[in-house]
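Structure assessment
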Amino acid sequence: MIVIEELVKKFGGNVVLDGVSERIRAGEKVAVIGPSGSGKSTLLRCLNLLERPDGGRIAFEGEDITDPKCDADAVRRRMGMVFQHFNLFNNLTVLKNITLAPARLKIMAEAEAEERARALLARIGLPEKADAYPSMLSGGQKQRVAIVRALAMNPRVMLFDEPTSALDPEMVGEVLDVIREVAEAGMTMVIVTHEMGFAREVASRVVFIDGGKIKETGTPPELFDSPRDARLREFLSKVI
Amino acid sequence: MTAALEWLARQFTITFITGNRYKLFLTGLRNTLIIAFGAVVIGTFIGAIVAMVRVHSAQSGKLKALDKLCGAYLAVFRGTPIVVQLLIMYYIVFAFIDNGISIAVLAFGINSGAYVAEIVRAGILAVDIGQTEAGRSLGLSSGRTMRLIVLPQAIKNILPALGNELIALLKDTSVAGYVTVKDLAQAGENVRTLTAEPYFSLLFVAAVYFLLVMGITKILRVVERRLAKSDRH
Ligand SMILES: Nc1ncnc2c1ncn2[C@@H]1O[C@H](COP(=O)(O)OP(=O)(O)O)[C@@H](O)[C@H]1O
Ligand SMILES: [Mg+2]
């Protein structure tokens, strides 16, 4: 579904992604782990073109999205993204947050978008928050709404960038529950996370990034129980 | 005591009544308001466009040439005195038109646009970049993201500063007399000459400016309070 070839991204003279190649198949749940500053967010943001790669290629469903002629907006409509800091639209109600893009982009009619938004809100246990503004929600509630907002576009793949890192500990569980449900529904997912337990449980494959390179990839048992890369062993000893 | 009262009565009469001089002040006030509000409309329009070009250019790396042009505009109009700009507009750029008020509206509007551009730009940049990224990540264009998400939030930062710009502009228009416009300050100066007395004419004009500024400040306070309320929801 996503094929990444020799991806390079620099910020000024700082090479943040240094030739990353990876293939993500439909239905896979890929957990991306690695030390802070290793380029995990940048990799994710290159996938939906929030960052423009400086080298290499990314193909999404057969289309070269690094081609300058590619319509980035059209690509992003098929990729949901969940941010560490939620980024709910502060000027809109929860319902409008969810229906804005599907309705404006004519993915569905306004009424249909609203019906679907209410159904999604009910599924995450927040039906009564439809008319609330983001400032009235807890962090966990915000992130659950943010996930639903991305899902409302019917994306082909969901990208999560440390979705629980900005949450108070007691709210991590409720957000992970929603992500787990999305995974069980068969969604293709790439999730950057520091929740190693969650990665082991939900991921079909784990990718370890260090210094802008993929150092190791494998199933959760392979990666967590018998890591080969020295940097990975060091990383795991610190976080587990 | 009676001498003082008599003096006051005479001053009042020659300043306002004789030859219907109060009409000079009224005309002056009208012209001052026309120039200030006309200029603020033009300035807001220019400023908003320039700010959007600059923000868009900085974020996307596109529109480089237009961005340069906007930068030059800001540098020139903020780097030269408004009186000189006014004189150039009147005697060079629009030398073929003899309508001081229109030219003053335009000159003050273009000048104000340079300041408004920075106000709007700062207001937009004060909105968390995450709001833009979330909009773009859903496939919304940069224009729609700006219009539906960023600007409605930026307006809360922009409006108070825009009010201050209106106050500054109102006072700045007092140099419109340089291009033959009979504005409020000019009315005071005119009456001072006619009466050969400086006190009433000039102090009265100062008082009117002061009251105008106070009025605008009051209105701004109310607007700011409204905005703050809607912020908390
Ligand atoms: N917009 C940016 N401008 C400059 N440097 C950046 C930018 N975004 C990220 N970086 C740098 O790139 C490196 C990798 O960042 P990031 O991908 O966020 O790491 P991670 O998500 O793994 O913690 C860091 O050194 C960071 O400072
Ligand atoms: Mg990160």
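A quick note: this is a predicted structure, and the numbers were derived from the prediction, not measured.

Cut-offs used in this document
Residues numbered from 1 in each chain as written. Chains lettered and ligands numbered in written order. Predicted model: local features only at pLDDT ≥ 70, side-chain atom pairs only at ≥ 80, totals over all residues. Heavy atoms only, no water. Helix = DSSP H or I, 4+ residues; strand = E, 2+ residues; numbered from the N terminus. Rg over C-alpha atoms; globule rule 2.2 N^0.38 Å. Buried < 20%, exposed > 50% of the residue type's maximum accessible area, 1.4 Å probe, protein only. Near = heavy atom within 4 Å. Polar contact = N/O pair within 3.5 Å; in protein donor to acceptor, adjacent residues only side chain to side chain. Areas by Shrake-Rupley, 256 points an atom, 1.4 Å probe, with all protein chains shown as cover. Nonpolar A, V, L, I, M, F, W, Y, C, P; charged D, E, K, R; others polar. Phe/Tyr/Trp six-rings, centres within 6.5 Å; stacked < 30°, edge-to-face > 60°. Pairing = 2+ DSSP bridges. Axes fitted to C-alpha atoms, helices over the stretch in contact; angles between N-to-C directions. Contact = heavy atoms within 4.5 Å. pLDDT = per-residue confidence, 0-100. Buried area = accessible area lost by both parts, 1.4 Å probe. Salt bridge = Lys/Arg side-chain N within 4 Å of Asp/Glu carboxyl O. Expected span 1.5 Å × (residues − 1). Parallel < 35°, antiparallel > 145°, perpendicular 65-115°, else oblique. Left-handed = near helix turned anticlockwise from the far one by under 90°.

Broken down by element type, chain B carries 9 helices and 0 strands. Scaling as 2.2 N^0.38, a compact globule of 233 residues should have a C-alpha radius of gyration of about 17 Å, whereas chain B reaches 22 Å, well beyond that. Dimensions of chain B, computed from C-alpha atoms along their principal axes, come out at roughly 80 × 50 × 20 Å. Buried residues in chain B amount to 40% of all 233 residues.

A word on the site of ligand 1. All names here are of chain A. The full set of residues close to ligand 1 is F11, N14, V16, P35, S36, G37, S38, G39, K40, S41 and T42. One nitrogen or oxygen atom from the side chain of K40 is found 2.9 Å from an oxygen atom belonging to ligand 1. The separation between an oxygen atom of ligand 1 and a polar side-chain atom of S41 is 2.7 Å. When ligand 1 sits alone it has 560 Å² of accessible area, and the protein chains cover 58% of it. Contributions of two or more residues to the shell around ligand 1 are made by β2 (14-24) and α1 (40-47). The biggest single contributor to the shell around ligand 1 is α1, with 3 residues. Looking at side-chain class alone, the shell around ligand 1 contains 3 nonpolar, 7 polar and 1 charged residues.

Let us look at the packing of aromatic side chains. Residue and element names in this part refer to chain B. One pass over the structure, following the stated rule, counts 9 aromatic pairs over all chains. Ring geometry for F12 against F16: centres 5.0 Å apart, planes inclined by 50°, an arrangement best described as tilted. In this pair, F12 and F16 both sit in helix α1 (residues 2-17), 4 residues apart, roughly one turn of the helix. With centroids separated by 4.8 Å and ring planes inclined at 90°, the aromatic side chains of Y90 and Y91 adopt a geometry described as edge-to-face.

Before going further, it helps to spend a moment on the sheet that holds strand β10 (residues 213-218) of chain A. All names here are of chain A. The sheet built from 6 strands is open, its strands ordered β6-β7-β8-β3-β9-β10 with mixed pairing. Looking at the sheet topology across the chains shown, the edges are occupied by β6 (79-82) and β10. Put simply, the sheet's adjacent strands are angled 15° from each other on average, direction ignored. Pairing geometry for β6 and strand β7 (residues 157-161), over 4 bridges, is parallel. Bridged to M81 within β7 is L159. Here helix α5 (residues 139-151) sits on the sheet and contacts β6 and β7; the angle it forms with β6, its principal contact strand, is near 170°.

Residues and elements named next belong to chain B. In this model, chain B carries an average pLDDT of 93, and 98% of its residues clear a pLDDT of 70 or more. Here helix α9 (residues 199-232) is the element of chain B with the lowest mean pLDDT, 89, and helix α6 (residues 129-137) is the one with the highest, 97. Predicted as a complex, the structure gets a pTM of 0.87 and an ipTM equal to 0.94.

For T195 of chain B, the position within the fold is in helix α8 (residues 184-195). Among the polar contacts listed, one links the side chain of T195 of chain B to the backbone oxygen of V191 of chain B, at a separation of 2.8 Å.

So, about the interface of chain B and chain A. Tallying the contact residues gives 21 residues for chain B and 24 residues for chain A. Regarding the contact of chain B and chain A, the summed buried area is about 1,900 Å², with carbon and sulfur atoms giving 56% of it. The interface formed by chain B and chain A contains 2 salt bridges. Here R136 of chain B and D73 of chain A are joined by a salt bridge, their closest N and O atoms 3.1 Å apart. Counting the contacts that link chain B with chain A gives 10 residue pairs in polar contact (both at pLDDT 80 or more). Going through the elements one at a time, α6, α7 (142-172) and α9 of chain B are the ones with two or more residues in the side of chain B that touches chain A.

Below, the discussion takes up the sheet that holds strand β1 (residues 2-11) of chain A. Residue and element names in this part refer to chain A. Read from one edge of the open sheet, 4 strands run β2-β1-β4-β5, paired in antiparallel fashion. The sheet terminates laterally at β2 and β5 (63-64), the two strands that pair on one side only. Relative to strand β4 (residues 55-60), β1 runs antiparallel, the two being bridged by 5 bridges. Paired with I4 across the bridge in β4 is I58. Here α1 sits on the sheet in contact with β1, β2 and β4, set at roughly 120° to β1.

To continue, consider helix α6 (residues 169-184) of chain A. Between its terminal C-alpha atoms α6 of chain A stretches 24 Å, which fits the 22 Å expected from 16 residues at 1.5 Å a residue. The elements touched by buried residues of α6 of chain A are β3 (29-33), α5, β7, β8 (188-192) and α7 (196-202) of chain A.

Residue and element names in this part refer to chain B. Running from N to C, helix α4 (residues 82-93) and helix α5 (residues 100-125) cross one another at 135°; their axes reach a closest spacing of 9 Å. Viewed along their axes, α4 and α5 adopt a mutual orientation that is oblique. Where α4 crosses over α5, the handedness of that crossing is right-handed. On α5, the residues touching I82, Q85, L86, M89 and Y90 of α4 are G100, I103, A104, L106, A107, F108, I110 and N111. Split by residue class, the contact of α4 with α5 holds 10 nonpolar, 3 polar and no charged.

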